[in-house]
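Residue-level structure breakdown
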Amino acid sequence: MEDTKETIIHKFNTELGKDLKGLDKIYEFHQSLNAQKNEIEESLSMASTEAPSKVKAVVESVEKISIEFQQLEKASEEFRNEIQETVHESDKSLEIQRIIDTISYLDKSLSYLNFIKHVEDISDGIQASLANGDDESTISLYTDLKNISCELRSSTCHYLQNYVKETLHFWHNLIKDKLSKEYNDILKALKWPFCGANVNALHTPVPETVVKFKILTEYLLHLQLPEESMKPVVTSALLTDFSPVCLPISLLVRPLRQRFIYHFTGSKLTNRQDKPEWFFTQILTWIKDHIQWVQKNVQPAANSIDFKHVDMKTEFMRALVQLAVEKLHSELSVVQYDDVLFAHLVDEALGFERELRETLFYPPAQPATVFVLTQAQIFVKWINMEKKYATEKMDAILNSNTAWEKLSTSDADDMKVTECADAFLTLLTTISDRYKHLPQPGHRLQFLELQLELIDDWRVRLIQLLHENYGDPLTSLMPRILNTLHYVATVLEEWGVTVHFLQLYFFKKQFEAVETATIKGNDIKDVGEVEGSVFDEAVALLKRIEKELISEISDSVALDVKAKSRPYRTDKWFAMQSTKELVSLSVTPSGYSMFQELATQLNLLHKTLALPLFHEAWKNLASNLDQYLLEEVVLVNHFNVGGAEQLQYDIFRNFFPLFGLYINKPESYFPLIKEACILLNIMLGSAMLLVEALNNSDEVAGKEILADIGVYKMSSELALKVIGTRTDISYT
């Protein structure tokens, strides 16, 4: 009650404040309190009418919830009981599982121990077989042990893996020592290797010894360790390309290796830096002397035990090639600073490679001497040396006194092949032979660029020679240089479509595509099919010079002929006797010197130029003289009937036959002068009708009219000019 009183007093103080003048607010406060009172009364009145229904609904809801709660409590109790039962059962299962796991562990442990016992039993068996000298049982047990080692590759029992592997290696070494000794004894009985005092032993083998040899070979092949455990012993990074050879081959090569080391190392007289051909030849000789025997006696032993995938001949060659590679590698490190010794060593190494690949059919996938030569430092030295010596050789070829002489033994006499052309192509061929066995396209392309550079340099030098020896084209070096250019261009075109250069062209396009894509930042595009050859640009430049020189020579000949033609051009064609007045026609006297000069020059062209060039030259000459005779003889003179007949006789019976010595139907190459003769010699009436028809026709109709009388090349205007030179007809 006290709290209520204080609350009322506090509310009055809040509304009226401390100022006594503010008491007039009491009326407003009174009205506010009455308003609140009325609102409360109204809300109580509404509650008194609605309360029973709301209370009833609440009671019903509570009763429903109570029932649901009881049901859930009952279900929870049941679920709790089930969980307790399940947990109890699970405890029993876990206990059983622990027992099972223990049994499994003990079983695996027992298997592990049994496995070790099995390996130990095999070891005991191997030991007993070795003691008894039973090689067959030894190898059989060893093979079982090797199979076990292979089966354990995927096992997670690393200690067991290592144990079996170490055991295998232990017995491998012991058995190998024993069998190697027996094998060496057999080889001595066979007088292997077949060199020196044993050179004739190859022809007299003892059958029993050969049988024993094959059996031991089979044993040694079975003794081979699993591939992943065989680690090649190499003396340089280069020799990692040589995978280890099988045991029989290794033992066969051992005495040869000892001989090689004895003769080609240290201070032996046979170990000379200026004679690398000695050790290369020795390797090749050993291969040739022993390869057939290996193929005949070792390969069948391998085939009989399912080692057919191993090519014993290749294995034997690879083991000996490795000796050459080791020696070459050691020699290069010394002689690379002496150009002469280096060049000689490279020559011999390439010759050795060529002999291996082409004569002995050493597989392309197997490494050989070019792998040593393509080391970065050595390769740069090599290609620079090639350029130096090729340039010197080219100088010697061009400066030779007989450089421009025709080869006396040339099969293609029509090509007039010069020593210069043949020697230069031989130089290019030699370079190709030296690099064609290189395995990497990039290396081969560098040599190709060297060849293209040499061709361009050679072309420039020939142009310089032309300028230095300028004179009468037919009596200077020009025809021989022209023949040389033509022959080289022809051969380069033939080379361009060979497999070797087509492959290089494809690789070159690929490299260019990669370079372009790299510069532009684009994806590399597939070059697809490529057309052309690596020599297209070089041949085009040579052909251009060839065309210029042919034109110059043919123009020179034409000038000489024209110089002799003045009396013929200025003869009295308007006052010559006709055939009716003469017994028979003969060549015009004023044309003797011209025709003689033409005959001489054509003969000289034929003897001097290669046949294809001669054909081009006389065609140019024919075109030139055809135009000249029309313009300087026909169109500038006037012809009576006798003059027209004489001109036709000179052309058809003297001029054309000069070319007829070298071609069929020469008149087809002189259409203008041939048609001029036709127009000058047609009957007067026909000529007049022809003039009238041509004057009254357009160009198309004129061509048809001219074609009727055998004139196809001339236009109507030119035909009228020719007819206008006749003295028996005049028209305006």
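Since the structure is predicted, the reported quantities are computational estimates derived from the model, not experimental observations. (Residues numbered from 1 in each chain as written. Predicted model: local features only at pLDDT ≥ 70, side-chain atom pairs only at ≥ 80, totals over all residues. Heavy atoms only, no water.)

1. Some details on the overall build of the protein
The condition that has to hold: Secondary structure elements are defined from DSSP: runs of H or I of at least 4 residues count as helices, runs of E of at least 2 residues count as strands, and each element is numbered from the N terminus. We call a residue buried when its accessible area falls under 20% of the maximum for its residue type, exposed when it is over 50%, and partly exposed in between, using a 1.4 Å probe and counting protein chains only. The contact definition used throughout considers only heavy atoms, calling two residues in contact when any of these lie within 4.5 Å. We get accessible surface area from the Shrake-Rupley algorithm with a probe of 1.4 Å; when it comes to residues, only the shown protein chains can shield them.
Looking only at helices and strands, the protein features 25 helices and zero strands. Evaluated residue by residue, the protein yields a buried proportion of 40% over its 732 residues. Contacts spanning at least 24 positions in sequence make up 74% of the contacts within the protein whose residues lie at least 6 apart. Carbon and sulfur atoms make up 55% of the accessible area of the protein, which amounts to about 41800 Å² in all.

2. Here we look at the pattern of salt bridges
Put simply, the test is: Just to be clear on terms, a salt bridge is a Lys or Arg side-chain nitrogen sitting within 4 Å of an Asp or Glu carboxyl oxygen.
As enumerated under the stated definition, the model contains 27 salt bridges in all. Note that D121 is salt-bridged to K117, the shortest N-O span being 2.8 Å. Of this pair, D121 and K117 both sit in helix α2 (residues 26-132), four residues apart, which is roughly one turn of the helix. Relative accessible area serves as the criterion here: at 43%, K117 is assigned to the partly exposed category. The partner of D135 in a salt bridge is K178, and the shortest N-O contact between them spans 2.7 Å. With a gap of 43 residues between them, D135 in helix α3 (residues 135-151) and K178 in helix α4 (residues 158-189) connect regions that are remote in the sequence. Within the structure, one salt-bridge network assembled from shared partners comprises D135, K178 and E182.

3. Observations regarding the side chain of N637
Applied cut-off: Polar contact criterion, stated in full: a pair of N or O atoms within 3.5 Å, where within protein one must be able to donate a hydrogen and the other to accept it, and residues adjacent in sequence count only if both atoms are side-chain atoms.
Structurally, N637 is set in the loop between α20 (611-634) and α21 (641-660). Within the structure, N637 has its side chain in polar contact with the backbone oxygen of R569 (distance 2.9 Å). Leaving out residues up to four positions away in the same chain, N637 has contacts with R569, D571, W573, E632 and T725.

4. Quick notes on the packing of helix α19 (residues 592-608) against α20
The condition is simple: Convention adopted: a line fitted to C-alpha atoms gives each axis, helices being fitted over their contacting stretch, and angles between N-to-C directions are expressed from 0 to 180 degrees. Reported orientations rely on four angle classes, namely roughly parallel under 35 degrees, roughly antiparallel over 145, roughly perpendicular from 65 to 115, and oblique for the rest. Three categories are distinguished: nonpolar for Ala, Val, Leu, Ile, Met, Phe, Trp, Tyr, Cys and Pro, charged for Asp, Glu, Lys and Arg, and polar for the others, with Gly belonging to the last.
Relative orientation of the contacting elements α19 and α20 amounts to 155°, with a least axis distance of 9 Å. By the angle between their axes, α19 is roughly antiparallel relative to α20. Taking contact as the criterion, the partners of L598, L602, L605 and H606 in α19 are, on α20, L611, F614, A617, W618, L621 and L625. Residues of the contact of α19 with α20, tallied by class, amount to nine nonpolar, one polar and no charged.

5. Details of helix α22 (residues 671-681)
Looking only at α22, the buried set comprises L672, I673, E675, A676, C677, L679 and L680. On its buried face, α22 sits against α20, α21, α23 (684-695) and α25 (716-723).

6. Structural notes on the packing of helix α9 (residues 312-335) against helix α10 (residues 339-359)
Our working rule: Throughout, a crossing is termed right-handed when the near helix is turned clockwise from the far one, and left-handed when it is turned anticlockwise from it by less than a right angle.
Look at α9 against α10: their axes get within 10 Å of each other, and the N-to-C directions meet at 165°. On the basis of their axis angle, the class for α9 and α10 is roughly antiparallel. Here α9 and α10 pass one another in a crossing that is left-handed. Residues M317, V321, A324, L328, E331, L332 and V335 of α9 pack against L341, F342, L345, A349, F352 and L356 of α10.

7. Here we look at a negative patch on the surface
Note the threshold: Only residues above 30% relative accessible area that lack a salt bridge enter a patch, with like-charged residues linked at up to 9 Å and the nonpolar side chains Val, Leu, Ile, Met, Phe, Trp and Tyr linked at up to 5 Å. Lys and Arg are tallied as positive, Asp and Glu as negative. Neither His nor the chain termini are counted. A charged residue contributes its charge at one atom only: NZ of Lys, CZ of Arg, CG of Asp or CD of Glu.
A contiguous patch of negative charge on the surface is contributed by D698, E699, E704, D708 and E717. Element by element, the count of residues in the negative patch is highest for helix α24 (residues 699-708), at three residues.

So far we have only geometry, and geometry alone does not tell us how the molecule works.
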